Amino acid sequence: MSDIIQLLPDHVANQIAAGEVVQRPASVVKELLENAIDAGATSIKLLLKDAGKTLIQVIDDGKGMSTTDARLSFERHATSKIKDAQDLFNLNTKGFRGEALASIAAIAHVELKTKQEDEELGTQIKIEGSKITSQDTISTAKGTSLAVKNLFYNIPARRNFLKSDTIETRHIVDEFQRVALAHPDITFLLHHNNNEVYHLKKSNLRKRIVAIFSPKMNEKLVPIQEQTDIITITGFVAKPEFSKKKRGEQFFFVNDRFIKSSYLNHAVVNAFEGLLENGSHPSYFLYLDVPPNSIDINIHPTKTEIKFDNEKALYAILRATIKHSLGQYNVAPVLDFERDANLDTPYDYSKKGTPSVPPITVDPNFNPFKTETQYESTPTINSGSSSNTSSSSTQSYQANFKKDPGNWEALYTSNIQPLDPVPQEQLFESYQETETGKTFQIQKKYLLSSIKSGVVLIHQSLAHQRILYEEFLENITVKEASSQQLLFPVSISFSTSDIEMIYTIKSDLESAGFMFDEFTKESVVIGGIPTSITESQITLILEQLLDDIKLEVPDASFSHFDVMAKSFAKSLAIKTGTLLSTKEQENLVNDLFSCKEPSVSPFGKPIFKTLTLHEIDAIFNK
């Protein structure tokens, strides 16, 4: 029997490895940015085209590579970060496996330009599918420029599985934000399709957070600071009143490396116990500095999971630190009802030591009786005349307000009508058998409508979502969307990444009826809106739409029309707790059963439940 096991060629092995390391364009961005940081760069520039599918280029001013190193960097398991297995437990760099460049070069066209500071000329290498096509000596600036073109060009199946440009851009921005937040001492630039998305200058951590998200973020932050023998914690948490309904703006960094940890996230949420509304999530930017030998990073190809030696201790310290900071800055409530917060000593003053006694100066020559002041004489009060006056006024008061007892009782009882007892028969009239089609609202949440075969119980919010969804979808795709011009254009503030996302779906939003006057780095000016919404609902609708896009609601084959219709319906549908008139209830039921798919909401939830007369009888005949 012949041997069947064979050694795979290098280019096949590289493509297999690329499946783990490079999942989407954002994976390439992460690896290249981390390589630039490991090279000691002080300025990093990221250029994108078509959400990274056409071009991803990272330019840095790091130490660069020699000709030999440039060639060797594209070999598998070639790295300058570690030398033996023990180095895995003392890592101070982002990368260490030596697989990223080899994996990227296996599935894309790569062009590398690099030069060291003490060299006059640099090196240029071009690679296509793991094969080096050219290597030249060129004149270039100090540092490294690496361009990745036509990602997944030789794996069309992987390219077809990529999401829309908006979704892929969102993932790239997420990776960019994580790296930029971990290194506020480095200047970062991000350009997408020749548009500047971010220009983050070297700054401190607070300024970097504000620059990435929005100027409004500054007022939300509460500083966190704690140092122990096993961990140093710094960063910020957002005040409880700025918590969000969805997870976002939650960042953990361990030794300047972004990680995901549900265990540590639970510690943060626990610290906010009693301060958050049900279903809300706090925002935080927390930096944990631990000894490198107490963690294991070599767990997952993305290196976002870490094992700690003493997780329980870290949990307790993190929870206590956040609770302490919330108390320091008067965020957590204090159970002292007689306390005046205006008289509290600021926390920073506790470190200023014992206050000094203020000096007191006295003028020994001051004499308040030196100059006499003549006052006009005031008339003395005669006690007797006062008594007489009081007596006469009292008599006058009694004389004026003396009333006939009969008139007094008539005055106060004329408007009081006794309550007649309600006839017993009238109490049961509302419970008599109703006619078919009559609706009732239950707990301001459900509608109960009688039908010939029994009753139907309808969820009013989900029903309205289905009605609005089909109306919006029809207006956007079938009919020509009508728009109403605003008398005064509305300016709405968003983060830079959100504005970039709105700009990418601008044409779809205009098809839905929106009209945009101007895009700036911090706001969007809207001059027209669909006729079906009001001016006060603009911000709510756009925020909901952005959240749905971030959560990857659309599939790769969906356009944004479906997502917009779902977001609009979800934002504008009547909410639980809304009281509906009888006419509104009837219209809602009629409109629901006029829909093409009345049984499920746009998000797949059941809208109504029918109970037949037989099922109702079975409940009481058990």
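Bear in mind the structure is a predicted one, so any value in this text is a computation, not a measurement. In this convention, every chain numbers its residues from 1, walking through the sequence in written order. For this predicted model, a pLDDT threshold of at least 70 governs which residues receive local features, and a threshold of 80 or more governs which side-chain atom pairs are given and counted, while totals over whole chains, interfaces and linings are taken from all residues. To obtain the side-chain values, all non-hydrogen atoms of the structure were used and water was disregarded.

Draft legend 1. Structural detail: the overall build of the chain. Where helices and strands are cited, they refer to DSSP runs of H or I of at least four residues and of E of at least two residues respectively, numbered from the N terminus. The helix and strand inventory of the chain stands at 19 helices and 22 strands. Expressed as a percentage of the 622 residues in the chain, the buried residues total 41%. Of all intrachain contacts in the chain linking residues separated by at least 6 positions in sequence, the fraction that spans at least 24 positions is 68%. Of the accessible surface of the chain, which amounts to about 37100 Å², a share of 51% is contributed by carbon and sulfur atoms. Three exposure classes are used, based on accessible area relative to the maximum for each residue type with a 1.4 Å probe and protein chains only: buried under 20%, partly exposed in between, and exposed over 50%. Contact criterion: two residues are considered in contact whenever any of their non-hydrogen atoms come within 4.5 Å of each other. Here, Shrake-Rupley sampling with a 1.4 Å probe gives the accessible areas, and only protein chains in the shown set may cover a residue.

Draft legend 2. The arrangement of unusual backbone geometry in detail. In this model, Asp50 sits at a positive phi of 55 degrees, which is unusual for a non-glycine residue. Mapping Asp50 onto the fold places it in the loop between strand S1 (43–49) and strand S2 (55–60). On the basis of relative accessibility, which here comes to 34%, the residue Asp50 falls in the partly exposed class. Phi is positive for Ser130, close to 75 degrees, though the residue is something other than glycine. Residue Ser130 is classed as partly exposed on the basis of its relative accessible area of 27%.

Draft legend 3. A look at helix H9 (residues 311–328). For H9, with 18 residues, the first-to-last C-alpha span of 26 Å sits near the 26 Å given by 1.5 Å per residue. Listed as buried for H9 are Leu314, Tyr315, Ile317, Leu318, Thr321, Ile322, Ser325, Leu326 and Gln328. On the buried face of H9, the contacting elements are strand S9 (221–227), strand S10 (232–238), strand S11 (250–254), helix H8 (262–271), strand S13 (284–289) and strand S15 (307–308). In a helix, the anticipated span is given by 1.5 Å times the number of residues less one.

Draft legend 4. A look at helix H6 (residues 165–182). Taking 1.5 Å per residue as the helical rise, H6 with its 18 residues ought to reach 26 Å, and the 26 Å between its terminal C-alpha atoms agrees with that figure. H6 sits mainly inside the fold: 16 of its 18 residues count as buried.

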